[in-house]
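Breakdown of the fold
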Amino acid sequence: MRDEFKLELKRSTEFKFELDDERGYARVMTQALSPAEIAAVRAYLQSGALLRKAAGAVLAENSELSGLQYEIIRHTGASPEGVRMFALAEQCVHSRSGITYQVGRLEELGIVERYTRDENERAVWVKLTPAGEALHARLREIHSAMLRASFLDLITADELATITAVGERIIDRFRAAE
């Protein structure tokens, strides 16, 4: 005898499971991925991983920073008035505690500084120091050159638009479910 039930995950993604009494576990009842779908997902995930790996190698050659630390500098450098720590965690797609730790390390190096604003003293903001701005400018050029050579020069303008649209749809879906 087989019972069916639904499992709703926190991100509002719904999977339907069927209990298999013979084997004693549940299996997901869904349509199998086609070879083309598997190839697309694999290419998307592997290309992203390889780009992150290349970026990490470039950072290692040109600074003592980790990829996450560069992301913090990049997002913080995009806003001269600074960024709230909470927003920075969302932008870097990382935990708040992890961002707090890395910002502390960058603060020790004199690259960023934390501060509060009068309108809300509980909210902590972070901004680049003059040394951080100089480092950001230098690394931005190197990082941009790596991205251009490893990714942007390999695709057409139409492909760039498609990749952007698909990526934004995926991001929106996950953000809406949070």
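Scroll up to find the structure.
Residues numbered from 1 in each chain as written. Predicted model: local features only at pLDDT ≥ 70, side-chain atom pairs only at ≥ 80, totals over all residues. Heavy atoms only, no water.

Describing the overall build of the chain
- What the chain contains, in helices and strands, is six helices and six strands.
- In sequence order, the secondary structure elements of the chain are arranged as β-β-β-α-α-β-α-α-β-β-α-α.
- For the chain, the proportion of its 178 residues judged to be buried stands at 25%.
- Counting every atom, the chain has about 12700 Å² of accessible surface; 55% of that belongs to carbon and sulfur. (Helix = DSSP H or I, 4+ residues; strand = E, 2+ residues; numbered from the N terminus. Buried < 20%, exposed > 50% of the residue type's maximum accessible area, 1.4 Å probe, protein only. Areas by Shrake-Rupley, 256 points an atom, 1.4 Å probe, with all protein chains shown as cover.)

Focus: the sheet that holds strand E5 (residues 112-117)
- Read from one edge to the other, the open sheet built from three strands follows the order E4-E6-E5, with strand pairing classed as antiparallel. Because the sheet does not close on itself, it has two edges, and the strands there are strand E4 (83-84) and E5.
- In this structure, E5 lies alongside strand E6 (residues 120-128), joined through six bridges in antiparallel fashion. Across the sheet, residue Val112 finds its bridge partner in E6, namely Leu128.
- Strands E5 and E6 of the sheet are contacted by helix H4 (residues 96-108), whose axis makes an angle of about 115 degrees with E5. (Pairing = 2+ DSSP bridges. Contact = heavy atoms within 4.5 Å. Axes fitted to C-alpha atoms, helices over the stretch in contact; angles between N-to-C directions.)

Focus on the environment of Thr116
- Mapped onto the fold, Thr116 is located in strand E5.
- Taking the relative accessible area as the measure of exposure, Thr116 reaches 41% and is therefore partly exposed.
- Spatially, the C-alpha atom of Thr116 lies 8.6 Å from that of Val126, the residues being 10 residues apart in sequence.
- The contact partners of Thr116, leaving out residues within four places of it in the chain, are Glu121 and Ala123.

What to know about H4
- Over its 13 residues, H4 extends 18 Å from the first C-alpha to the last, a length consistent with the 18 Å expected when each residue adds 1.5 Å.
- Within the sequence span of H4, burial applies to Gly98, Ile99, Gln102, Val103, Gly104 and Leu106.
- Elements in contact with the buried residues of H4: helix H2 (67-77), helix H3 (85-92), E5 and E6.
- Backbone geometry just downstream of H4 places Gly110 in the positive-phi region, at approximately 80 degrees. (Expected span 1.5 Å × (residues − 1).)

Notes on unusual backbone geometry
- We note that Val93 has phi near 50 degrees; this positive angle belongs to a residue other than glycine.
- Within the element layout of this structure, Val93 appears in the loop between H3 and H4.
- Relative accessible area serves as the criterion here: at 64%, Val93 is assigned to the exposed category.

Some remarks on the pairing of E6
- Where E4 lies against E6, two bridges are found, and the strand directions are antiparallel. Note on E6: the bridge partner recorded for Val83 is Val126.
- Taking the residues between adjacent antiparallel strands as the criterion, E5 and E6 are bridged by two residues.

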